[in-house]
Amino acid sequence: MTALEVARPARSETKAARSERLRLLVRSPTVIIGGVIVLFWVFCAAFPGLVTPHDPIFDNQFPTSLKPTWAYPFGTDTNGRDIFSRVLAGSRNVLLIAPAATLLGTVLGTILGLVTGYFRGIVDDVLGRVIDAVLSLPLIITAILIVTAVGKTGTWVVIMIIGLIFSPLVSRTVRAAVLTETELDYVQAARLRGERAPYIMFSEILPNVMSPVVVEFTVRLGYAIFTVASLTFIGFGVADPSPDWAAQINKYYGFIDPYWWMTLFPALAIATLVVAVNLVADGIREVYER
Amino acid sequence: MSEHIPLALEVSDLEMVYRVRGVDRPVLRGVSFSIERGRSYGLVGESGCGKSTAALAIVRYLPRNGRIAGGTVSVAGQDVLGFSARGLREYHALTVSMVYQNPGSALNPGMRVGAQLAEAFTILGVSRGEARDRARAALERVQIADPASVMGRYPHQLSGGMQQRVVIAMALAKDPTLLILDEPTTGLDATVEADVLDLVATLQSELHTAVLFISHNLGVISKMCDRVGVLYAGRLVEEGPVDTVLQDPRHPYTVGLLRCIPRGGVRKDHGRLDTIPGFLPSLGSRLEGCVFADRCALADDRCRCEEPPVTQAGAGHIARCFHQDLAPTLPREEAAELAVPAVNREQTPLIQLEDLGKVFVQSGHEVHALAGVSAAIWPGETLGLVGESGSGKTTLARTLLGIVAPTSGSVELEGRKLAPRFQKRAHADLRALQIVFQNPDSALNRRHSVSRILLRALKKLAGVTGADAEKHAAQLADRVRLSERTLTQKPVQLSGGLKQRVAIARAFAGDPKLVVCDEPTSALDVSVQAAILNLLVELQAERGVSYLFISHDLGVVRYISDRIAVLYLGRLMELGPSETVFDGPHHPYTEALLSAVPTIDGGGRRRIKLGGDIPSAASPPSGCVFHTRCPRALGAVCEETEPPLVEIAPGRLMRCHIPLDELRRLQAKEPESVSA
């Protein structure tokens, strides 16, 4: 035997890379701040009974329309409910719908991206133009169109709509990554041993484009929260007496003068969640796209 | 050299560390060397030995985690490591220049060549108008034929060789004391490489610039340098005048490195190539004794615990070895003689290429990538395919595999016509034709473990699944000398050579009849290359597989090939048994290719210069396509009539108007060298 090449000492570099990523993530201050805020809202959504000082739903527990005071830090609303309790309880709806919708959008978008990027040619051209058409309309308008066409609304409809609208956006990014991958020789080698397209797409290429998929998911999650809030605000989704933030804003934005606190605090709550998710997303993007 | 003029470069006891995960890892260990003004110094070694790090330390372009831990660097008497920010800027602007491997990324793609080059002069304080004139003069100096038109072009409109000339012109704008060339010709064709090297040599003697030449190619170093230093694991293990070191090496590493290279006309039936067993120590590991002890056949206990001092081996020749007297007799690895079965060319060929032609349509132009190529490959033989880039080598291989469909002609396997595209080919035909790619990083899925890669190939190509498959995968790995532990690993955990073994194992999963080897060793270090070539030859001897072997390294092609085909602009110029193609008389194009290869053995043949670049295949020259660059062209007949491919001797085809005897007479005048 001439070639005495022995394997190098087994250093598990894939594991090392993963733990390195994790280390970078937990060391990044933006990820920590964002993560704490997100976890706080998740906790509130999971155990509203543990965090709210008063019941968020029953009417006329307190005097109506009180300004913020020590007793009612965010004031009370026109139905005599404690807005502080309602804000703490209001994350549930958004935190159920947004991740589910984003997951749906990411899965659909990834499949779409794999198909258009792998086949290119006519498939890519046709799907590409359809995607362009969808993207050319403002998100909310498309959503309203679909809701009107479907004729009903509810949690599942909102999840489907947002998922469908997000999938072309995700597919763009995934397609770009797939295009680079298909140029690599391992794809050619797979074709030359007679592999079929689904195997090549899902078993060979997909594992190599997971980084952009993960990044895309976290970035889209921020948008999804915002979109869920917007749809709820214009009336597709839950409504009063639900303590949902956007439902509260929907009900009270007409009375912003003089009852500013009824709109401001739910709005701030949405802002903290969106910003926090984006902070985490930025951290993840930096670590994955190094 | 008068004594009071400072040396152009003096590096002494340079220690450099990279900080990785909080630990300082040494990458240069007490490196000392110097270059006199106007001389050239070569730094050789395999990848990871610290060549480029040394260059970066000299120009102080260290990566953020790099730190110089000791020693001094002085250029023209100035202490480089002591420079302030301002001093460093002046040093970069006036004293030192660096040329990198890839000229495409060294030039700004959005700026015309003229403007970029002029910028190099305006930085020196020259007025804009004068800078343009100087830029034109600089282009003339680097032998660019039509400077005015080149100045108006963008970098991507120039060939690689032209780009590198422009980069060299920019580097020389400041008339530097020290010019560092880091693998400047590695990406270029041999013919272009030879031109660029000639140019550098000419300019160096004109300008009296000191040159630090970094390369893994000993032939290039031997041609270009006065002195050479051999780096291993960050330690300069041997240093001396280039001829002395290459002809009488005194460090076992240098000896091993030189023996790995297929040269002097060695062929596979002469025996296996030598290799250097083992691996480079991992980055920054602590080494008690000699850095090479782990891989050295001469190493004893002393070598393993005591660092050998620098000792004189001759005039100006030093080596760090306790056994430098024994080094030249470094025991060869026991190379069991290998019986390469003779090829029987009476039977039906395995592959018959019939008048293959391929026309690509590129923005309305027809590009004839292949024109009427007919050739056969018999079972158990290797057909070597050579030619400059753009000659159609890859297109030929892709057509054979069915990745691209030929525009005309056909591919026959064992007398049966194959479908033009692989999608339409029978399963058995797919497994009969496999490929080993140039770059194993791209050829292996980085998310799949080695065993998953092999199991899948076994399933698809050999139809083996289940419990049997594991056993087969282990056998397959064993056949390419991969240890069992490798199976659980992912490609990223393997060295380049091991990755290429995995790729070879995958190609052999279904017992192929022909494997296309597309430059399978050009991304590897020479010691690894030797091991891979040995493996390919062993597999051929065991299994009777045929190879279509594409390479730009003529020494490698000569070693492994039974017959050789020379392509130019998609046409076969010459086809024949390996020995006769190399021994001559050659087709003038083959002759030029051979003469362009820098040899280690020194001397050798006179260089035959080819004028300009390979013409565009979109508008091939009339008559003989090679006449525009042919140094032996006869005149009108070559320009007007395309010579036929005729059999000039049994099994030997050539496309040239010059009669064979005339070629023999012309080529006999030149001193013949034995090496490729």
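Residues numbered from 1 in each chain as written. Chains lettered and ligands numbered in written order. Predicted model: local features only at pLDDT ≥ 70, side-chain atom pairs only at ≥ 80, totals over all residues.

### With respect to the overall build of chain B
When you go through chain B residue by residue, the secondary structure sums to 24 helices and 24 strands. Over its C-alpha trace chain B gives a radius of gyration of 26 Å, about what one expects of a compact globule, namely 26 Å for 676 residues. Taken along the three principal axes of its C-alpha coordinates, chain B extends 75 × 65 × 45 Å. Burial analysis of chain B (676 residues in total) assigns 51% to the buried set. Sequence separation of 24 or more characterises 68% of the internal contacts of chain B that already satisfy a separation of 6 or more. (Helix = DSSP H or I, 4+ residues; strand = E, 2+ residues; numbered from the N terminus. Rg over C-alpha atoms; globule rule 2.2 N^0.38 Å. Buried ≥ 20, exposed ≤ 12 C-beta atoms within 10 Å, placed from the backbone. Contact = placed C-beta atoms within 7 Å.)

### Comments concerning the pairing of strand β8 (residues 210-214) of chain B
Residues and elements named next belong to chain B. Burial of β8 is extensive: five of the five residues sit out of reach of the surface. Burial along β8 is two-sided: Ala210, Leu212 and Ile214 and Val211 and Phe213, pointing in opposite directions, are all buried. Where strand β3 (residues 40-44) and β8 come together, four bridges link them in parallel fashion. Residue Ser40 lies in a different strand from β8, and its bridge partner there is Val211. (Pairing = 2+ DSSP bridges.)

### Quick notes on the packing of helix α11 (residues 210-233) of chain A against helix α12 (residues 245-252) of chain A
Residues and elements named next belong to chain A. Running from N to C, α11 and α12 point in directions that differ by 35°, and their axes come no closer than 8 Å. Crossing hand, α11 versus α12: right-handed. Between α11 and α12, the residues in contact are Ala229, Thr232 and Phe233 and Trp245, Ala246, Ala247, Ile249 and Asn250, respectively. The class makeup of the residues in the contact of α11 with α12 is six nonpolar, two polar and no charged. (Axes fitted to C-alpha atoms, helices over the stretch in contact; angles between N-to-C directions. Left-handed = near helix turned anticlockwise from the far one by under 90°. Nonpolar A, V, L, I, M, F, W, Y, C, P; charged D, E, K, R; others polar.)

### Points about the environment of Ser40(B)
Residue and element names in this part refer to chain B. Inspection of the secondary structure puts Ser40 in strand β3. Take Ser40: there are 24 C-beta atoms within 10 Å of it, and that puts it in the buried class. Not counting residues within four places of it along the chain, the set of residues in contact with Ser40 comprises Gln204, Val211, Phe213, Met224, Cys225 and Asp226.

### Quick notes on the nonpolar core
Counting residues in hydrophobic clusters, the biggest one holds 279 residues, and the most contacted among them are Leu454(B) and Leu548(B). Among the elements that take part in this core, helix α13 (residues 261-288) of chain A stands out by supplying 13 residues, more than any other. In contact with Leu548(B), other than residues within four places in its own chain, are Ile377(B), Leu383(B), Leu385(B), Ala397(B), Leu400(B), Leu514(B), Val516(B) and Cys517(B). (Core = buried A, V, L, I, M, F, W, Y, C linked by C-beta atoms within 7 Å.)

### Details of the packing of helix α4 (residues 113-122) of chain B against helix α7 (residues 160-172) of chain B
All names here are of chain B. Following both chains from N to C, one finds α4 and α7 inclined at 20°, their axes separated by 8 Å at the closest point. Here α4 lies roughly parallel to α7, going by the angle between them. For the pair α4 and α7, the crossing hand works out as right-handed. Only Val166, Ala169 and Met170 of α7 make contact with α4, whose side of the interface consists of Val113, Leu117 and Ala120. (Parallel < 35°, antiparallel > 145°, perpendicular 65-115°, else oblique.)

### Things to note about the sheet that holds strand β2 (residues 23-35) of chain B
Residue and element names in this part refer to chain B. Pairing in this open sheet of four strands is antiparallel, and the strands run β2-β1-β4-β5 from one edge to the other. Each edge of the sheet is formed by a strand with only one pairing partner; in this case those strands are β2 and β5 (78-79). Sheet topology note: the strand β4 (residues 66-75)/β5 ladder contains two bridges and is antiparallel. Bridge assignment links Val75 to a residue of β5, and that residue is Gln78.

### A word on α11(A)
Residue and element names in this part refer to chain A. With 24 residues, α11 should reach 34 Å at 1.5 Å per residue; the first-to-last C-alpha distance of 34 Å fits that figure. When the local axis directions of α11 are compared, the greatest deviation, roughly 25°, occurs at Leu221. Most of α11 is tucked away: 17 of the 24 residues are buried. A positive backbone phi angle near 105° is found at Gly235, which sits one or two residues after α11. (Expected span 1.5 Å × (residues − 1). Bend = angle between axes of the 7 residues up to and from the residue.)

### A look at helix α22 (residues 588-596) of chain B
One full turn of an α-helix is made of 3.6 residues, so residues set three or four places apart face in the same direction. Here α22(B) lies mainly inside the structure; nine of its nine residues are buried. By the burial criterion, the buried members of α22(B) are Pro588(B), Tyr589(B), Thr590(B), Glu591(B), Ala592(B), Leu593(B), Leu594(B), Ser595(B) and Ala596(B).

### Notes on the pairing of strand β16 (residues 408-413) of chain B
Residue and element names in this part refer to chain B. Relative to β16, strand β13 (residues 351-362) runs antiparallel, the two being bridged by five bridges. By the bridge assignment for β16, Gly357 is matched with Ser408. Here β16 pairs with strand β17 (residues 416-417) via two bridges, running antiparallel. What sits directly across from Leu413, in β17, is Arg416. Here β16 hands over to β17 after two residues, with Glu414 in that stretch at a positive phi of 45°.

### A closer look at the environment of Arg446(B)
Inspection of the secondary structure assignment puts Arg446(B) in the loop between α15 (440-443) and α16 (450-462). Along the backbone, Arg446(B) and Val492(B) are 46 residues apart, and their C-alpha atoms lie at a distance of 6.6 Å.

### What about the sheet that holds strand β14 (residues 365-377) of chain B?
Judged by pairing direction, the sheet is antiparallel, and its four strands sit side by side in the order β14-β13-β16-β17 (chain B) without closing on themselves. Because the sheet does not close on itself, it has two edges, and the strands there are β14 and β17 of chain B.

### What about the environment of Ala69(B)?
Residues and elements named next belong to chain B. As for its position among the elements, Ala69 is in strand β4. C-beta crowding within 10 Å serves as the criterion here: with 14 such atoms nearby, Ala69 is assigned to the partly exposed category. Taking the C-alpha atoms as reference points, Ala69 and Leu14, 55 residues apart in sequence, are found 7.7 Å from one another. Apart from the residues within four sequence positions on either side, Ala69 is in contact with Glu15, Met16 and Val17.

### Looking at the confidence of the model for chain A
For residues with low pLDDT, the predicted coordinates do not support detailed interpretation. Confidence in the prediction for chain A averages 88 pLDDT; 94% of positions are at 70 or higher. For residues 1-13 of chain A, every residue scores under 50 in pLDDT, and the model assigns this stretch 31 contacts once sequence neighbours within four places are set aside. (pLDDT = per-residue confidence, 0-100.)

### Some remarks on unusual backbone geometry
Comment: phi is negative for the bulk of residues other than glycine, and the bulk of peptide bonds are trans. That bond from Asp240(A) to Pro241(A) is cis: its omega, 10°, falls within 30 degrees of zero. Tracing the sequence through the fold places Pro241(A) in the loop between α11 and α12. Pro258(A) follows Asp257(A) through a cis peptide bond whose omega is 10°. Located in the positive-phi region is Ala233(B), a residue other than glycine, with phi close to 50°. Owing to 26 C-beta atoms within 10 Å, Ala233(B) belongs among the buried residues under this scheme. Unusually for a residue other than glycine, Asp511(B) sits at a positive phi of about 50°. Turning to its location among the elements, Asp511(B) is positioned in the loop between α18 (496-507) and β19 (514-518). Residue class for Asp511(B) comes out partly exposed when judged on the 13 C-beta atoms lying within 10 Å of it.

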